[in-house]
Number of protein chains: 4
Amino acid sequence: MADPDSPEPKFRRRAEHRPDELLDAALALFVEKGYSHTSVAEIARKAGVSKGALYLYFPSKQAVLEGLVRRAVSPIAIRAQEAIDIADADLRATLRALLTVIATALGDPKVFAVPKIVIREAVVAPEIAEMYRRAVFDNVLPAGAAIIRRAVAQGKIRPVDPEMTLRSLVGPVIMHLLLSEIFGIEPEGGLALDRLVENHLDILVNGLFPATESHDA
Amino acid sequence: MADPDSPEPKFRRRAEHRPDELLDAALALFVEKGYSHTSVAEIARKAGVSKGALYLYFPSKQAVLEGLVRRAVSPIAIRAQEAIDIADADLRATLRALLTVIATALGDPKVFAVPKIVIREAVVAPEIAEMYRRAVFDNVLPAGAAIIRRAVAQGKIRPVDPEMTLRSLVGPVIMHLLLSEIFGIEPEGGLALDRLVENHLDILVNGLFPATESHDA
Amino acid sequence: MADPDSPEPKFRRRAEHRPDELLDAALALFVEKGYSHTSVAEIARKAGVSKGALYLYFPSKQAVLEGLVRRAVSPIAIRAQEAIDIADADLRATLRALLTVIATALGDPKVFAVPKIVIREAVVAPEIAEMYRRAVFDNVLPAGAAIIRRAVAQGKIRPVDPEMTLRSLVGPVIMHLLLSEIFGIEPEGGLALDRLVENHLDILVNGLFPATESHDA
Amino acid sequence: MADPDSPEPKFRRRAEHRPDELLDAALALFVEKGYSHTSVAEIARKAGVSKGALYLYFPSKQAVLEGLVRRAVSPIAIRAQEAIDIADADLRATLRALLTVIATALGDPKVFAVPKIVIREAVVAPEIAEMYRRAVFDNVLPAGAAIIRRAVAQGKIRPVDPEMTLRSLVGPVIMHLLLSEIFGIEPEGGLALDRLVENHLDILVNGLFPATESHDA
DNA sequence: GATGAATGAGTATTCATTCAT
DNA sequence: AATGAATGAATACTCATTCAT
């Protein structure tokens, strides 16, 4: 500006990426130290801008968190719809695929980070939990239940309660990740997500009890 | 009392129950507003004592939280041991009893409150998560796995992975509570914990798939 | 009390020594941590009594400090008077004796402790400095000046200004101790108080300059 | 100013002199009430800024004190070196000049204030005494000793112990100031620093005793 | 006399947010 | 658009002192 023919600008269009850079910085810091122990100044510094600049893009610190959640959430809703369409093929294979996808996706700390933050802040900022719920669960849960409901209707699986069965399907994965990510509890030899999925599928398919007993329960 | 026209004694001496009263106050506030948004002054006020008095019993705010965890945790470890002793009787009945116990216990907001707080603070105060893990999970998880291992050895259930199967058993309950307590997601008609337990047991017993398919998986 | 014939009491007259025990405890702590960083509770604990008991003997924390000063100060005034009486004998020997006495007395940390504390607190509690001044300096300085004045009158020393000469006599010792006690500056090989005294006396007696010059100044 | 009818700008930007203004305010308050009885809020208020602004320039209250010491100390080290260079000329005149400089410099309450504060805080914050020692004494004392040593070597003064003689030279001035500044003890008719210097020089030059005796000591 | 539980005023430090430049 | 100096409210913790027992 002061020097019109200076070769400096390189690419000055950076500005449009600012919000994303800020969200990246914020995510890293929130994961490391938690939302309330991360200062706005730190976020700005890590993103390489001034504190004031952050307020150009986000009206408040909480808005940054909301932006983070929003960004993480949008792809999920889309995939949920896709899943529903594929599910008709081989159910058992689909199930394995689904659990594996969920498990590996959430197993990636980058991905699990946002729900973890949401859980943390839910008490204090219910509107964030609310937003997450609307964006994620209100899409994913009915979609999942619908898949199950259809499978029941087609006689592919026994007549179970779709909503509750969804919890039976996914709950173990969630618990596994909670134990690992929050309490640092891992089976010997690492996260072992595949071991969990295989064992869980085995139970889902064959039940817990020996064959002779499985019909008179 | 001794002096009927004295204006409320300034010092209500040696309450003996002070620590517990303080923990009660703290629990209520932590649940409502979260740990870091609750001030020491508020805790003291709610417990009806001065700020200074709180520091007579707890050396720091974090120590209050630790006290809370400790208090909530001790009964759990005890029950876990009891469970292991009963488990030999009718496994299927035991299973239903167990899940119901877990579900109703954790379904009580007073009880679920502490783990919820722990999850919130885990990122920032790992020593709290650590304490909880040692006091709860290090007892409960091996105990549960042991029960399953024994049942397998006795041929009462199919040869499954004990550690992972534990997650398959309990995970759905945990997920159900997470959805309900943190995201406010409940099936129509309330928490429906029994519906969850029944459906889950049905799947565990009979598997997910129709009888004809359940043997050739 | 509960057991009237218990042989416990040993000697219950301790009570009369309480104030002194408290002062001992306070002195040790004030020296170690300074007046304002020492809590009343610590003093009481170190003296083996309760906080309340301390307030039975001293109306406030500052009163403890005052008591300390008072106790340290009383012997000084007495000795000052004694010194004046001896001084007539051999002046030069007296001088050496005096400096040595002052130096070794103040060189004892236990003794220097009180003036050190007084210096520390003088700004904040001028009444303590005032007390010290009245009790110590208002006795010692005139006494010292009087000795010098008499010596001048008797022609034993040159006609010097008595008040100022007193500073020339004692100042080096004070400075030596300040450097050592407060800034930790000591000549190689320890405090070397005798080296200081000898050198100082040499200068006082022979002047600083070579003999040939010492008369035409 | 630029906008005459605007109601005092909320932010008086970039004072550039802020640190110095804060140090001035702090010095005044520390002198008046002592370090630990001065609150950060008071310093800020006196300097005309907010509490937060102070923390923009100093990371802690103690850092303010350190800044104060540092600021007071830098000129001293410089002068000490200058003195050494002049000292070769007329020793006796130099001595008078030196003592007068020291005396009048330290006689200015603004200058003596910092060492006084340092002495006060030395017990509690040894790192401050340490800093002062390194910045002042480690320069000044060796420099002074060197001057004396050289004078001895050149036969200009009698063979005295340089380190100790330094205390004999400066100690009386220090003691004089201590008595005056801390205990409020002044000779009739004011501080009388010149009287002290003259009398002290007289003793240094001619010794304390009459001429006839001064050679057979 | 003696105790120690209780009080509550006092204070350093942090940090989201504003706004003159 | 961008800066960063300035604000000031908020908060954990300390400790001299009191007083019911």
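Residues numbered from 1 in each chain as written. Chains lettered and ligands numbered in written order. Predicted model: local features only at pLDDT ≥ 70, side-chain atom pairs only at ≥ 80, totals over all residues. Heavy atoms only, no water.

As named in an unreviewed UniProt entry, chain A is HTH tetR-type domain-containing protein, taken from Sinisalibacter aestuarii.

**Focus on the overall build of chain A**
Tallying secondary structure elements over chain A gives nine helices and zero strands in all. Going from the N terminus to the C terminus, chain A shows its helices and strands as α-α-α-α-α-α-α-α-α. When each of the 217 residues of chain A is scored for burial, the buried share is 49%. Nonlocal contacts in chain A, meaning residues at least 24 apart in sequence, comprise 64% of its contacts between residues at least 6 apart. Within the structure as shown, chain A displays about 10700 Å² of accessible surface, and the carbon and sulfur contribution to it stands at 58%. (Helix = DSSP H or I, 4+ residues; strand = E, 2+ residues; numbered from the N terminus. Buried < 20%, exposed > 50% of the residue type's maximum accessible area, 1.4 Å probe, protein only. Contact = heavy atoms within 4.5 Å. Areas by Shrake-Rupley, 256 points an atom, 1.4 Å probe, with all protein chains shown as cover.)

**Remarks on the UniProt feature "DNA-binding region" (unreviewed entry) in chain A**
What UniProt calls "DNA-binding region" (unreviewed entry) maps, in this numbering, to residues 39-58 of chain A. With 75% helix and 0% strand, the stretch residues 39-58 of chain A has end C-alpha atoms that lie 14 Å from each other. (UniProt positions renumbered as here; feature names shortened; annotations may be inferred.)

**What about the interface of chain D and chain C?**
Interfaces are frequently sized by the accessible area removed from exposure as the parts join. Taken residue by residue, the interface counts 65 residues in chain D and 64 residues in chain C. Summed over both sides, the interface of chain D with chain C buries roughly 6400 Å², with 66% coming from carbon and sulfur. For Arg195 of chain C, the salt bridge is made with Asp161 of chain D, and the minimal N-O distance between the two is 2.7 Å. Inspection of the region where chain D meets chain C yields 21 residue pairs in polar contact (both at pLDDT 80 or more). Contributing elements (two or more residues each) for the side of chain D that touches chain C: helix H1 (18-33), helix H5 (91-107), helix H6 (109-122), helix H7 (126-153), helix H8 (162-183) and helix H9 (193-206) of chain D. Among the elements that make up the side of chain D that touches chain C, the one with the highest residue count is H8 of chain D (16 residues). (Buried area = accessible area lost by both parts, 1.4 Å probe. Salt bridge = Lys/Arg side-chain N within 4 Å of Asp/Glu carboxyl O. Polar contact = N/O pair within 3.5 Å; in protein donor to acceptor, adjacent residues only side chain to side chain.)

**Things to note about the protein's contact with DNA strand E**
Near DNA strand E, the surroundings consist of 37 residues, among which Val40 of chain A, Arg18 and Tyr57 of chain B, Tyr57 of chain C together with Tyr55 of chain D are the closest. Taking all atoms of DNA strand E within 4 Å of the protein, the share assigned to sugar and phosphate is 62%. Within the side chain of Arg18 of chain C, an N or O atom sits 3.4 Å from a phosphate oxygen of DNA strand E. Contacts to DNA strand E include Gly52 of chain C, whose backbone N or O atom sits 3.5 Å from a base nitrogen. Of all elements in the fold, only helix H3 (51-57) of chain A, helix H3 (51-57) of chain B, helix H3 (51-57) of chain C together with helix H3 (51-57) of chain D reach the threshold of two or more residues within the surface near DNA strand E. (Near = heavy atom within 4 Å.)

**Let's talk about the relation of the copies chain B and chain A**
At an RMSD of 0.2 Å, chain B and chain A line up after a rotation of 179° and a shift of 0.0 Å along the axis. What we have between these two chains is a two-fold relation. Both copies contact each other with a shared surface, as 98% of the interface residues of chain B are interface residues in chain A too. (Least-squares fit on C-alpha atoms with pLDDT ≥ 70 in both.)

**A look at the pattern of salt bridges**
Counted according to the given criterion, the structure contains 54 salt bridges over all chains. Note that Lys33 of chain C and Glu42 of chain C form a salt bridge whose closest N and O atoms lie 2.4 Å from each other. Here Arg134 of chain D makes a salt bridge to Glu130 of chain D, at a shortest N to O gap of 2.7 Å. You can see Arg134 of chain D and its partner Glu130 of chain D sitting in helix H7, four residues apart, about one turn around the helix. The class of Arg134 of chain D is partly exposed, set by a relative accessible area of 47%. Each of Glu130, Arg133, Arg134 and Asp138 of chain A takes part in one network of salt bridges that share partners.

**Comments concerning the interface of chain B and chain A**
Chain B puts 65 residues into the contact, and the matching count from chain A is 64 residues. Between chain B and chain A lies a buried interface of about 6400 Å² when both sides are counted; carbon and sulfur atoms form 66% of it. In this structure, the connection of chain B to chain A is made through six salt bridges. A salt bridge links Arg195 of chain A to Glu163 of chain B; the shortest N-O distance between them is 3.2 Å. Across the chain B-chain A interface, the total number found is 21 residue pairs in polar contact (both at pLDDT 80 or more). Residue classes in the side of chain B that touches chain A are distributed as 37 nonpolar, 14 polar and 14 charged. (Nonpolar A, V, L, I, M, F, W, Y, C, P; charged D, E, K, R; others polar.)

**Focus: the packing of H7 of chain D against H8 of chain D**
Think of two packed helices as two axes; the pair is described by the angle between the axes and how far apart they sit. Residues and elements named next belong to chain D. Taken N-terminus to C-terminus, the directions of H7 and H8 make an angle of 105°; their axes are 8 Å apart at the nearest point. Classified by the angle their axes make, H7 and H8 are roughly perpendicular. Of the residues in H8, those touching H7 at Leu141, Gly144, Ala145, Ile148 and Arg149 are Pro162, Thr165, Leu166 and Leu169. Among the residues forming the contact of H7 with H8, the class breakdown is six nonpolar, two polar and one charged. (Axes fitted to C-alpha atoms, helices over the stretch in contact; angles between N-to-C directions. Parallel < 35°, antiparallel > 145°, perpendicular 65-115°, else oblique.)

**Topic: helix H5 (residues 91-107) of chain C**
Between the first and last C-alpha of H5 of chain C there are 23 Å, a value that for 17 residues agrees with the 24 Å anticipated at 1.5 Å per step. For H5 of chain C, the elements touching its buried residues are helix H6 (109-122), helix H7 (126-153), helix H8 (162-183) and helix H9 (193-206) of chain C. (Expected span 1.5 Å × (residues − 1).)

**Some words on the protein's contact with DNA strand F**
Close contacts around DNA strand F come from 36 residues, with Tyr57 of chain A, Lys51 of chain B, Val40 of chain C together with Arg18 and Tyr57 of chain D the closest. The sugar-phosphate portion of DNA strand F accounts for 62% of its atoms within 4 Å of the protein, the bases making up the rest. Tyr55 of chain C has a polar side-chain atom sitting 2.8 Å from a phosphate oxygen of DNA strand F. Take Tyr57 of chain D: an N or O atom from its side chain is 2.3 Å from a phosphate oxygen of DNA strand F. Mapped onto the surface near DNA strand F, the elements with two or more residues apiece are H3 of chain A, H3 of chain B, H3 of chain C together with H3 of chain D. Classifying every residue of the surface near DNA strand F by side-chain character gives 15 nonpolar, ten polar and eleven charged.

**Notes on the relation of the copies chain D and chain C**
When chain D is fitted onto chain C, the two copies agree to an RMSD of 0.3 Å after a turn of 179° and an axial shift of 0.1 Å. Most of the interface of chain D is mirrored in chain C, where 98% of its interface residues again form contacts.

**Section: the packing of H5 of chain D against H8 of chain D**
Residue and element names in this part refer to chain D. Following both chains from N to C, one finds H5 and H8 inclined at 20°, their axes separated by 10 Å at the closest point. Classified by the interaxial angle, the pair formed by H5 and H8 is roughly parallel. In terms of crossing hand, the pair formed by H5 and H8 is right-handed. Contact residues: Leu95, Leu99, Ile102, Ala103, Leu106 and Gly107 in H5; Leu169, Val170, Val173, Ile174, Leu177 and Glu181 in H8. (Left-handed = near helix turned anticlockwise from the far one by under 90°.)

**Quick word on helix H5 (residues 91-107) of chain A**
Because each turn of an α-helix spans 3.6 residues, side chains separated by three or four positions end up pointing in the same direction. Residue and element names in this part refer to chain A. By the burial criterion, the buried members of H5 are Leu91, Leu95, Leu99, Ala103, Leu106 and Gly107. Angularly, the buried residues of H5 cover 135° about the axis, an arc narrow enough to put them on a single face. Turning to H5, the residues buried within the fold contact helix H6 (109-122), helix H7 (126-153), helix H8 (162-183) and helix H9 (193-206). (Arc of directions from axis to C-beta.)

**Remarks on the packing of aromatic side chains**
Evaluated as defined, the whole model comprises 16 aromatic pairs over all chains. Grouping aromatic residues by their ring pairs yields a cluster made of Tyr132 and Phe137 of chain A together with Phe183 of chain B. The residue whose ring lies beneath Lys61 of chain D is Tyr35 of chain D, and the NZ or CZ to ring-centre distance is 4.5 Å. (Phe/Tyr/Trp six-rings, centres within 6.5 Å; stacked < 30°, edge-to-face > 60°. Lys NZ or Arg CZ within 6 Å of the ring centre and 35° of its normal.)

**A look at the environment of Ile182 of chain A**
By the secondary structure assignment, Ile182 of chain A is in helix H8. Ile182 of chain A sits in the buried class, given a relative accessible area of 12%. Sequence separation of Ile182 of chain A and Lys116 of chain A is 66 residues, and the distance between their C-alpha atoms is 8.7 Å. With near-sequence residues (within four places) excluded, Ile182 of chain A lies in contact with Lys116 and Leu177 of chain A together with Ile119, Ala122 and Ala129 of chain B.

**With respect to the side chain of Glu42 of chain C**
Residues and elements named next belong to chain C. One can find Glu42 in helix H2 (residues 40-47). Glu42 sits in the buried class, given a relative accessible area of 18%. Polar contacts involving the side chain of Glu42 include one to the main-chain amide nitrogen of Ser39, which spans 2.9 Å. With sequence-adjacent residues up to four places away left out, Glu42 is seen in contact with Leu29, Lys33 and His37.

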